[in-house]
Amino acid sequence: MKKDLSEITIEQICTMIDLLNPCIDDNLYVYDFENDFYYISSNALEKFPLPGKYFHNVVENHKIFVYPPDISELQNDLNMILSGEKDFHNLQYRWVDKKGNPVWINCRGHVVKNSEGKGTYMIGCINEIGAIRKADNVSGLLGESSLQTYLQEFYPPVKNGYLLRLGLDNFKEINEKLGIEYGDMILRKAAECISSCITPGQKLFRAVADEYIIVDFLGGTLDEARYLYNRIRQSISQFVENNQYEAVFTISGGILECSNIGNTSYSDIMKLSEFSLNEAKRQGRNRYYIFSHEDYEKFLKKKKLTRILRQAVRNDFEGFEAYFQPLFHADNNTIYGAETLMRFSTLEYGVISPVEFIPILEETGLIIPAGKWIMNQALAACKKIQQYIPNFRISINISYIQVMKSDIITEIASAITEHNVSPSNVVIELTESGLLESDSRFTRLWSILKDKGIRLALDDFGTGYSNFHYLYDLKPDIIKIDRSFTAKALTNEYDYNLLSLMSEMVHNLNLKICIEGIETEAEHVRILEIAPDYSQGFYFGKPCPYNQFEENFVLPKQNHN
Ligand code: C2E
Ligand code: CA
Ligand code: CA
């Protein structure tokens, strides 16, 4: 026989709640409107600072354990329940646990009415949504799955507004140095700093690990997004200062305008915002970056190129080619040797510039096998050319990655032996910037190569700090003036005089100077005045494949002899 639910006494319900308490993780509750009385399962008392297992003055007493920013939302909903406007309560909001941390809960309850249709009590259940990863209890924010739900609620997609993805810089370091609990505290404080900067209606979620996402679907402009980021940055640095610099960290932000999202799926939106944040970090951290399709295309191309390069290296260097550019004795225009330059081409992209692919090879470490490969090409070519030009010298570029991460000395030495080329006919080109970044490894490499009789060229001189100390300390055989410097010297007097002085100084140290980037006869004539030892440039010959090099620079010489 069905009993009228309003006839069940509150006492009976409380007994039921107690009976069920051991069987469930969630918290059952009853709210008796007539007596303004609230009863909850004792589970809740373990975690939350409730006034007791039951209490009167229900709305007022909720203020003790409801997270303050969420009180008004709860009050509004309860008012609607009490006035009879609503008979089902379903609200996600935060309570505060005994440690003072906000905890997301979902509270549902249904109103039981008497025979006159008036609500007498509400019975329901409270569960912690953090437990099912909808929220994050470290930062006290809603988590990724809630973000997904929120974004998917908007269809058609919002055109105005933005997403700001924030990430703490050097957070890993804080965790490692100060411990995970301290790290959690920082995540919570950062969340507070961010929360304090957003305006009503903007939504804040915690994404993975040390990242937060602010969603502004209110039509916020780019300027507003920048302004918001800067305020957050200030708020974080204020916290660091107030915290006596115990943990020093900064925050980076990636701004993704809604106009860039279009119909993109949730996972793609996440990818774009992640890319934006990563760019901000890559550009030096503690700054923002605004998403651009052009940059993203470049990023995707680089990713693809990385895959292609890796495959090519595995495929016996398919697509790689060694090019050779002649170097001439400046005084009599006879050939001195050649610089070996790497080329890479694919069906899809055609020839790709080394300026684009060498950095990828370096980042991925693929420069180690590729560098070894080109060294063998270079030495084999040198050996062949020496049949015609016995004293021909071959220059090989070595990246600092090869120096730092491979046994380059042994590799050079064994390749030279294998190809039976005299060490004095091999020039190793190392850039000045590589030297600066490194340490004893370079100086060690340098002196061992020198001891073996291999020649050394300091490449790209004039682009970096141009530390003249190196010239004294390392005594490279050749100083190569970068073509950007040559170009400047050819267009303004000041740089021309500087280059002239450098040449004089290099000669005073008994070293040789090679000028790169001579493109015309007029330039050649002008450069000759500063008395370089060697010249290199399109005027003398562009880099070309071996056969062409042989045809243009090796065999004609043979015919002359
Ligand atoms: P780099 O070592 O300074 O090489 C000289 C660059 O100047 C070459 O560019 C060459 O083609 C270019 N060049 C020579 N003369 C002229 C000229 O008169 N006008 C103009 N506009 N350019 C001239 P490339 O071949 O594009 O190589 C660029 C850079 O890539 C090289 O600069 C070098 O840093 C790197 N690279 C090339 N091959 C290798 C390699 O096998 N290993 C390593 N580690 N790096 C390489
Ligand atoms: Ca070079
Ligand atoms: Ca150069």
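Quick caveat: nothing in here was measured; it's all calculated off a predicted structure. (Residues numbered from 1 in each chain as written. Chains lettered and ligands numbered in written order. Predicted model: local features only at pLDDT ≥ 70, side-chain atom pairs only at ≥ 80, totals over all residues. Heavy atoms only, no water.)

## Overview of the overall build of the chain
Scanning the chain from terminus to terminus reveals 21 helices and 23 strands. Considering only C-alpha atoms, the chain reaches an extent of 120 × 50 × 40 Å along its principal axes. Evaluated residue by residue, the chain yields a buried proportion of 48% over its 561 residues. Within the chain, contacts between residues separated by at least 24 positions form 62% of all contacts whose residues are at least 6 apart in sequence. Surface exposure of the chain reaches about 28,000 Å², of which carbon and sulfur atoms provide 49%. Distance between charge centres in the chain, computed from 57 positive and 75 negative side chains, equals 3 Å. (Helix = DSSP H or I, 4+ residues; strand = E, 2+ residues; numbered from the N terminus. Buried < 20%, exposed > 50% of the residue type's maximum accessible area, 1.4 Å probe, protein only. Contact = heavy atoms within 4.5 Å. Areas by Shrake-Rupley, 256 points an atom, 1.4 Å probe, with all protein chains shown as cover. Lys, Arg positive; Asp, Glu negative; His and termini not counted. Charge placed at Lys NZ, Arg CZ, Asp CG, Glu CD.)

## Section: the pattern of salt bridges
Applying the stated criterion to the full structure yields 20 salt bridges. Note that K63 is salt-bridged to E60, the shortest N-O span being 2.9 Å. We classify K63 as partly exposed; its relative accessible area is 35%. We classify E60 as partly exposed; its relative accessible area is 41%. R526 serves as the salt-bridge partner of E529, at 3.6 Å between the closest nitrogen and oxygen. We classify E529 as exposed; its relative accessible area is 55%. (Salt bridge = Lys/Arg side-chain N within 4 Å of Asp/Glu carboxyl O.)

## Section: the coordination of the calcium ion (ligand 3)
Four donors placed tetrahedrally around a metal ideally meet at 109.5 degrees, and six donors placed octahedrally ideally meet at 90 or 180 degrees. Coordination sphere of the calcium ion (ligand 3), protein contribution only: D460 (OD), D482 (OD), E516 (OE) and E516 (OE), at 2.3 to 3.0 Å. The sequence motif formed by the donor residues of the calcium ion (ligand 3) is D-x21-D-x33-E. Between the calcium ion (ligand 3) and the calcium ion (ligand 2) there is a metal-metal distance of 4.9 Å. Of the two residues, D460 is situated in strand 19 (residues 455–461) and D482 in the loop between strand 20 (478–481) and helix 18 (483–491); the sequence distance between them amounts to 22 residues. (Donors = N, O, S within 2.8 Å, 3.2 Å for Na, K, Ca; no water.)

## Structural notes on the coordination of the calcium ion (ligand 2)
Protein coordination at the calcium ion (ligand 2) comes from E339 (OE), N397 (OD1), E429 (OE) and D459 (OD), with a distance range of 2.1 to 2.4 Å. Here the donor residues of the calcium ion (ligand 2) are spaced in sequence according to E-x57-N-x31-E-x29-D. On the basis of relative accessible area, N397 is assigned to the partly exposed category, the value being 28%. Using a relative accessible area of 2% as the deciding quantity, one classes E429 as buried.

## A word on the site of ligand 1
Neighbouring ligand 1 are 20 residues, the closest being Q325, M342, R343, E519 and F538. In the model, an oxygen atom of ligand 1 is placed 3.1 Å from a nitrogen or oxygen of the D459 side chain. Here R483 contributes a side-chain N or O atom positioned 3.1 Å from an oxygen atom of ligand 1. Its free accessible area being 790 Å², ligand 1 has 86% of it covered by the protein chains. If you list the elements that add at least two residues to the shell around ligand 1, you get strand 15 (335–346), helix 11 (354–364) and strand 19. When residues in the shell around ligand 1 are grouped by element, the largest group, four residues, is from strand 15. Residue composition of the shell around ligand 1, grouped by class: eight nonpolar, five polar and seven charged. (Near = heavy atom within 4 Å. Polar contact = N/O pair within 3.5 Å; in protein donor to acceptor, adjacent residues only side chain to side chain. Nonpolar A, V, L, I, M, F, W, Y, C, P; charged D, E, K, R; others polar.)

## Quick word on the packing of aromatic side chains
The tally for this structure, following the rule as stated, stands at 33 aromatic pairs. Ring geometry for F275 against F299: centres 4.9 Å apart, planes inclined by 45°, an arrangement best described as tilted. Of this pair, F275 sits in helix 9 (residues 266–282) while F299 sits in helix 10 (residues 293–314); the two residues are 24 residues apart in sequence, bridging distant segments of the chain. We classify F275 as buried; its relative accessible area is 4%. Judged by relative accessible area, which is 33%, F299 ranks as partly exposed. (Phe/Tyr/Trp six-rings, centres within 6.5 Å; stacked < 30°, edge-to-face > 60°.)

## As for helix 5 (residues 144–153)
Looking at helix 5, one finds that the buried residues are S146, L147, Y150 and L151. The arc that holds the buried residues of helix 5, viewed along the axis, is 135°, so those residues lie on one side. Close packing links the buried residues of helix 5 with strand 8 (141–142), strand 10 (203–206), strand 11 (211–216) and helix 9. (Arc of directions from axis to C-beta.)

## Points about helix 20 (residues 521–528)
The periodicity of an α-helix, 3.6 residues per turn, causes residues three or four places apart in sequence to face the same way. Taken as a whole, helix 20 has its buried residues at E523, H524 and I527. Looking down the long axis of helix 20, one finds its buried residues gathered within 100° of arc, a one-sided arrangement. Every exposed residue of helix 20 that faces more than 90 degrees away from the buried side is listed here: E521 and A522. Looking at the buried positions of helix 20, the neighbouring elements they touch are helix 18, helix 19 (493–508) and strand 21 (512–515).

## Concerning the sheet that holds strand 4 (residues 88–96)
Backbone hydrogen bonds are what pair the strands of a sheet, in a parallel or an antiparallel way. One open sheet accounts for six strands, arranged 3-2-1-6-5-4; its pairing is antiparallel. The sheet terminates laterally at strand 3 (54–56) and strand 4, the two strands that pair on one side only. Across the sheet, the mean angle separating the axes of adjacent strands is 20° when strand polarity is ignored. Sheet topology places strand 4 next to strand 5 (residues 102–113); nine bridges connect them, and they run antiparallel. Note that in strand 5 the partner of W95 across the bridge is V103. (Pairing = 2+ DSSP bridges. Axes fitted to C-alpha atoms, helices over the stretch in contact; angles between N-to-C directions.)

## Some thoughts on the pairing of strand 19
Most of strand 19 sits inside the fold, with five of its seven residues counted as buried. Two strands pair when backbone bridges link them, and strand 18 (residues 426–431) and strand 19 are joined in this way by five bridges, in the parallel orientation. Across the sheet, residue V427 finds its bridge partner in strand 19, namely R455. Note that strand 19 and strand 20 share three bridges and pair parallel. Residue pairing for strand 20: A457 is matched across the bridge by I478.

## Examining the nonpolar core
The biggest cluster of nonpolar side chains holds 77 residues, and the ones touching the most others in it are F320, I428 and F549. The element best represented in this core is helix 12 (residues 367–385), accounting for 11 residues. Ignoring anything within four residues of it in the chain, the contact list for F320 reads L309, A312, V313, M342, R343, F344, F357, L361, A370 and W373. Y162, F171, Y212 and A225 belong to the second-largest nonpolar core, a separate cluster that totals 30 residues. (Core = buried A, V, L, I, M, F, W, Y, C linked by side-chain atoms within 4.5 Å.)

Interpretation note: all reported values are geometric properties and have no functional meaning in isolation.
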